[in-house]
Amino acid sequence: MQQTLVDQGRPGFWSGMSLWKKIIIGMVLGVIVGAFMGPDAEILKPIGTLFINAIKMLIVPLVFCSLVVGVTSMQDTRKMGRIGLKAVVLYLGTTAVAISIGLGMGTLFAPGEGINMVTTDTAAIAKDAPPLIQTLLNIIPKNPINALAAGNILQIIFFALGLGIALTLCGEKGQPAVKVFEALAEGMYKLTELVMKLAPYGVFGLMAWVAGKYGVDILMPLIQVIAVVYIGCLIHVLVFYTGLVAVVGRLSPVRYLKGLLNPAAVAFTTTSSSGTLPATIKAAREELGVSKGISSFVLPLGATINMDGTALYQGVCALFIAQAFGVDLAMSDYLLIIMTSTLASIGTAGVPGAGLIMLSLVLTTVGLPMEGLAIVAGIDRILDMARTTVNVCGDMMVSLLVGKSENEVDEAIYNRESAEGELETA
Ligand code: ASP
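Residues numbered from 1 in each chain as written. Predicted model: local features only at pLDDT ≥ 70, side-chain atom pairs only at ≥ 80, totals over all residues. Heavy atoms only, no water.

Trainee: Help me out: how do you make sense of the site of the ligand in this one?
Mentor: The immediate surroundings of the ligand are formed by 16 residues, with Ser273, Thr310, Gly355, Asp384 and Arg387 found nearest. Asn391 is positioned with one of its side-chain polar atoms (N or O) 2.8 Å from an oxygen atom of the ligand. Taking 270 Å² as the accessible area of the ligand by itself, protein coverage stands at 100%. Counting residues per element, the ones that place at least two in the shell around the ligand are helix H17 (354-366) and helix H19 (380-405). Looking at the shell around the ligand element by element, the count peaks at four residues for H19. Classifying every residue of the shell around the ligand gives five nonpolar, nine polar and two charged. (Near = heavy atom within 4 Å. Polar contact = N/O pair within 3.5 Å; in protein donor to acceptor, adjacent residues only side chain to side chain. Areas by Shrake-Rupley, 256 points an atom, 1.4 Å probe, with all protein chains shown as cover. Helix = DSSP H or I, 4+ residues; strand = E, 2+ residues; numbered from the N terminus. Nonpolar A, V, L, I, M, F, W, Y, C, P; charged D, E, K, R; others polar.)

Trainee: Explain a nonpolar patch on the surface here, please?
Mentor: A cluster of nonpolar side chains, namely Leu108, Phe109, Ile231, Leu234, Ile235, Leu238 and Val239, defines an oily patch on the protein surface of about 660 Å² accessible area. Of all elements in the fold, only helix H4 (82-109) and helix H11 (219-247) reach the threshold of two or more residues within the nonpolar patch. The element that contributes the greatest number of residues to the nonpolar patch is H11, accounting for five residues. If you trace the backbone, Leu238 turns up in helix H11. (Patch = residues over 30% accessible without salt bridge, like charges linked within 9 Å, V, L, I, M, F, W, Y side chains within 5 Å. Salt bridge = Lys/Arg side-chain N within 4 Å of Asp/Glu carboxyl O.)

Trainee: Looking at this structure, how should I read the packing of helix H14 (residues 292-305) against H19?
Mentor: In a pair of packed helices, the angle between the axes and the distance between the axes together describe the arrangement. One can describe the packing of H14 onto H19 by two numbers: an axis separation of 9 Å at closest approach and a directional angle of 145 degrees. For the element pair H14 and H19, the recorded crossing hand is right-handed. Residue-level inspection shows Ile294, Val298, Leu299, Gly302 and Ala303 of H14 in contact with H19, the latter providing Asp395, Met396, Val398, Ser399, Val402 and Gly403. When grouped by side-chain class, the residues that make up the contact of H14 with H19 number seven nonpolar, three polar and one charged. (Axes fitted to C-alpha atoms, helices over the stretch in contact; angles between N-to-C directions. Left-handed = near helix turned anticlockwise from the far one by under 90°. Contact = heavy atoms within 4.5 Å.)

Trainee: Could you clarify how one ought to interpret the packing of helix H12 (residues 253-270) against H19 in this entry?
Mentor: Viewed as axis vectors pointing N to C, H12 and H19 meet at an angle of 145 degrees, and their least axial separation amounts to 8 Å. The two elements H12 and H19 meet at a crossing, and its hand is right-handed. Contacts between H12 and H19 involve Tyr256, Gly259, Leu260, Pro263, Ala264, Ala267, Phe268, Thr269 and Thr270 from the first element and Arg381, Met385, Ala386, Thr388, Thr389, Val392, Cys393, Met396, Met397 and Leu400 from the second. By residue class, the composition of the contact of H12 with H19 is 13 nonpolar, five polar and one charged.

Trainee: How do you make sense of the nonpolar core when you look at a structure like this?
Mentor: One recurring pattern in soluble globular proteins is that nonpolar side chains are buried together. Met117, Tyr256, Val298 and Leu400 are the most contacted members of the largest nonpolar core, which totals 129 residues. Residue contributions to this core peak at 15 residues, all from helix H2 (residues 45-72). Discounting chain neighbours no more than four positions away, the residues touching Val298 are Ile83, Ala87, Tyr91, Val398, Ser399 and Val402. (Core = buried A, V, L, I, M, F, W, Y, C linked by side-chain atoms within 4.5 Å. Buried < 20%, exposed > 50% of the residue type's maximum accessible area, 1.4 Å probe, protein only.)

This is a description of form; function is not addressed.
Right under this line is the structure:
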């Protein structure tokens with residue numbers, strides 16, 4: 001399936017090391033060098049700018065192709081009708097709640113307050129936010145090619161979703177185009193992987209510049225970002241998901257949490273919800289008693305389109321960056337972030353680091369400076385561990401609720417005392 005963004009270089013100290021370790025090293029070295037050089041460290045900033053430009057290059061084609069493919073991969077949804085609809089509504093609804101929690105936490109704890117960074121990102125400075133109603137009316141592009149050329153993300157999302165649905169409705173006749181988009185999406189994932197190889201150097205350059213200019217005090221807010229994302233993730237799973245399981249599903253939330261343990265551990269360590277899928281399916285069947293039919297349809301769909309943890313993280317990081325750069329966000333910006341993140345989650349690959357690229361999309365939509373992206377990139381792996389775990393817990397929760405509503409949860413398995421028993425699965 002989709003390629004992992006993790007470096008798989010040749011053996012050797014540096015080239016054999018996994019990407020996230022290199023990024024952390026880049027960040028630490030950047031802070032040290034910046035602390036020593038002081039404001040002179042600005043000469044290292046172009047390395048970071050190079051990385052940011054490379055990410056900007058990816059946004060439009062990556063979002064467009066992966067959204068078309070995200071929708072066409074749901075073609076089974078149509079076949080499955082009612083079940084698919086329930087799953088998609090639950091997936092997107094819980095994602096919107098997740099990002100709202102992220103925005104709420106980011107506002108409450110304000111991890112970026114008092115940093116006072118300045119941006120040289122002219123696109124961000126030039127931002128003049130149109131009223132929300134105008135943005136909503138504009139979401140339909142009069143000319144989709146213009147939308148692609150201008151990088152109007154909401155218009156691009158709208159057109160991609162429309163094209164994906166249309167190609168699905170075409171059935172066999174649409175398949176050649178679907179294959180082209182699948183191949184292009186694969187190509188874009190590969191290109192993303194290549195661009196991400198620049199991340200350790202880009203993060204180094206930007207962290208040196210930031211630490212040189214603002215001192216090492218910048219690290220404290222980053223630790224706060226980590227804490228806020230983790231607390232938000234815990235609230236989402238322990239309050240919101242368990243609440244839905246208890247109230248909507250009328251099932252024991254404790255059993256749901258116990259059933260999560262295995263896939264959550266795999267997700268936390270691999271940071272890939274697609275990679276965790278076998279463990280997720282196994283646990284949904286054997287621990288939660290969800291039928292084979294429901295789990296093998298709802299869970300792969302979830303690994304592709306459901307990204308609650310990623311959305312929550314995007315809410316916190318967007319606010320952190322806005323606070324750090326002193327950008328005031330209007331209510332309409334908050335709504336835009338919720339909308340963009342929720343729709344973008346359909347096109348986010350369940351692989352390590354994908355959420356970071358999608359964060360650039362959210363930043364672009366509300367006109368926030370991209371330099372912020374490289375700063376949070378330094379702590380991305382740590383954040384990815386939490387958000388991937390939530391993504392997987394969300395998939396399990398939705399499969400359970402959909403299964404329950406279809407009478408396809410074996411409650412004898414769900415409620416049994418020991419999770420160790422060898423039970424026949426449906
Ligand atoms: N790593 C996440 C996942 O696989 C996606 C992300 O980067 O947010 O679910």
